[in-house]
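Commentary on secondary and tertiary structure
Chain by chain, the residues run as shown.
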Amino acid sequence: MGARDEFILDSYSATVTQVAHTASAAVAHIKVRKPAQRGNAVAHGSGSGFLFTPDGFTITNAHVVEGANELRAAFADGTESVARLVGIDASTDIAVLRIESHPSAFLPLGSSAALQPGQLAVAVGNPLGFDFTVTAGIVSALGRSLPSRGGRMIEDVIQTDVALNPGNSGGPLLDSAARVIGVNTAVIPSAQGLSFAVAIDTARWVAGELMRHGTVRRGKLGVQCAAVALPRRWVRENEWPAATGVRVVEVATGSAAARDGLRSGDILIGCDGVPLAQLSDLLKRLAGEGYGKPLLLKLLRPVAGTLTPFYLTVTPGG
């Protein structure tokens, strides 16, 4: 190994070490107790979570805490406390807890909008009961979709090659500045180097809804979508403020989208006068205060090989 290789390795090691040191104080080992069923003993489980506010609000996975009648959170400094469930959203596998006694540390939420494949990603969690384990890798792909336990597709999912195991669920995926860019949620057991995290732009918004309302109300379009780069020439000629849009991959038969004329291949670029740069932008328009309201969509539709702008009003289903 040459001197340059040693320098690169040292820089990489120093970055991961610093991220781990910064994050570990705010990462919680979530201990779960669930009621006994059909005469069985009380069920115990565990996962990970992380403080994201100074007053004890904590993000974890919905599947970690679902059905629990007792939750506790333990931290690296020895602090252990009761945790209260604030809200749960099975559709994105995100839940928010409030922890009574906790360290002063908390993790800043970054942005997943500007992530690039190949970017460093670091996970801190509690795999298989081994407290506060650090693994590192890269962002492998963006804009993935995963089925949730609630039956919906979790959109805008980050794929990484970071090693995850049961117990990592709910822990933070971090960038090189120790900012949270995702919430680790799933692995594919039969594959190697395939791990997934809910993008933090989605998780941040869902957490806000849960903290305000205890739930997330959603309208349904009935489409599967993926983020896509807009043609540079079109962006330049139209002075469009976003370089990406949301491409409709599939339209469900009988859905609101099918009823109102949305088609597979359409690229959604605006909603009610606001640019749609990524899927989380659209999801926000469908939920919360926008629940059930008609949407005026601006889209680019392939017509005779040319992307042609259209406006379409779609009323989401309940």
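The structure contained in this document is the topic of the report that follows.

Here we come to the overall build of the chain. Each helix and strand in the chain was counted, giving six helices and 18 strands. Scaling as 2.2 N^0.38, a compact globule of 318 residues should have a C-alpha radius of gyration of about 20 Å, and the chain matches this with 21 Å. For the chain, the spread of C-alpha atoms along the three principal axes comes to 60 × 60 × 40 Å. With 318 residues in all, the chain has 47% of them scored as buried. Of the contacts made within the chain by residues no fewer than 6 positions apart, 59% connect residues no fewer than 24 positions apart. Where the 28 positive side-chain charges of the chain centre and where its 26 negative ones centre are 7 Å apart.

A word on the sheet that holds strand β12 (residues 195–199). Strand pairing within a sheet occurs via backbone hydrogen bonds; the two strands may be parallel or antiparallel. Pairing in this closed barrel of six strands is antiparallel, and the strands run β7-β8-β9-β12-β11-β10 around the ring. The mean inter-strand angle of the sheet, taken between neighbouring strand axes irrespective of direction, is 50°. Across five bridges, the pairing between strand β11 (residues 180–187) and β12 is antiparallel. The residue of β12 that forms the bridge with Ala186 is Phe196. The strands touched by helix α3 (residues 200–213) within the sheet are β9 (153–160), β11 and β12, with β12 carrying the most contacts at an inclination of about 50°.

Now for the packing of aromatic side chains. On inspection of all chains with the given rule, the structure shows one aromatic pair. When the ring centre of Phe310 is taken as reference, the NZ or CZ atom of Arg301 above it lies at 5.1 Å.

Bringing the pattern of salt bridges into the picture now. Any two side chains of opposite charge can pair, given that their charged atoms come close. One pass over the structure, following the stated rule, counts eleven salt bridges. A salt bridge links Asp272 to Arg285, with the nearest nitrogen and oxygen atoms 3.1 Å apart. With Asp272 in the loop between β15 (267–271) and β16 (274–275) and Arg285 in helix α6 (residues 279–286), this residue pair connects regions lying 13 residues apart in the sequence. Looking at Asp272, the relative accessible area reads 35%, which means it is partly exposed. Overall, Arg285 belongs to the partly exposed group, its relative accessible area being 29%.

To continue, consider the sheet that holds strand β1 (residues 27–34). Sheet architecture is closed into a barrel: six strands sit in the order β1-β2-β3-β6-β5-β4, paired in antiparallel fashion. Between one strand axis and the next, the sheet turns by 40° as a mean value, whatever way the strands run. Bridging between strand β2 (residues 43–51) and strand β3 (residues 57–60) involves three bridges; their strand directions are antiparallel. Bridge pairing links Gly49 to Thr60 in β3.

It is worth spelling out the side chain of Ser48 at this point. Mapped onto the elements of the fold, Ser48 is located in strand β2. Here the side chain of Ser48 touches Gly167 through a polar contact of 2.6 Å, landing on its backbone oxygen. Beyond its immediate chain neighbours, meaning those up to four positions away, Ser48 contacts Ala28, Ile30, Thr60, Gly125, Asn126, Gly167, Asn168, Ser169, Gly170 and Gly171.

Okay, the environment of Asp93 next. Here Asp93 lies in the loop between β5 (80–89) and β6 (94–99). Considered as a pair, Asp93 and Val180 are 87 residues apart in the sequence and their alpha carbons are 16 Å apart. Apart from residues lying up to four places away in sequence, Asp93 is in contact with Thr60, Asn61, Ala62, His63, Ile154 and Thr185.

This paragraph deals with the pairing of β2. Here β1 pairs with β2 via eight bridges, running antiparallel. Bridged to Ile30 within β2 is Gly47. What sits between β2 and β3 in their antiparallel hairpin is a turn of five residues, with Gly56 showing a positive phi close to 95°.

Take the state of the cysteines next. What the rule picks out here adds up to zero disulfides. Cysteine Cys225 shares no disulfide, and the gap to the nearest cysteine sulfur, in Cys271, comes to 12 Å. Given a relative accessible area of 5%, Cys225 falls into the buried group. Judged by its relative accessible area of 0%, Cys271 is buried.

Calculation rules
- Residues numbered from 1 in each chain as written.
- Predicted model: local features only at pLDDT ≥ 70, side-chain atom pairs only at ≥ 80, totals over all residues.
- Heavy atoms only, no water.
- Helix = DSSP H or I, 4+ residues; strand = E, 2+ residues; numbered from the N terminus.
- Rg over C-alpha atoms; globule rule 2.2 N^0.38 Å.
- Buried < 20%, exposed > 50% of the residue type's maximum accessible area, 1.4 Å probe, protein only.
- Contact = heavy atoms within 4.5 Å.
- Lys, Arg positive; Asp, Glu negative; His and termini not counted.
- Charge placed at Lys NZ, Arg CZ, Asp CG, Glu CD.
- Pairing = 2+ DSSP bridges.
- Axes fitted to C-alpha atoms, helices over the stretch in contact; angles between N-to-C directions.
- Phe/Tyr/Trp six-rings, centres within 6.5 Å; stacked < 30°, edge-to-face > 60°.
- Lys NZ or Arg CZ within 6 Å of the ring centre and 35° of its normal.
- Salt bridge = Lys/Arg side-chain N within 4 Å of Asp/Glu carboxyl O.
- Polar contact = N/O pair within 3.5 Å; in protein donor to acceptor, adjacent residues only side chain to side chain.
- Disulfide = S-S within 2.5 Å.

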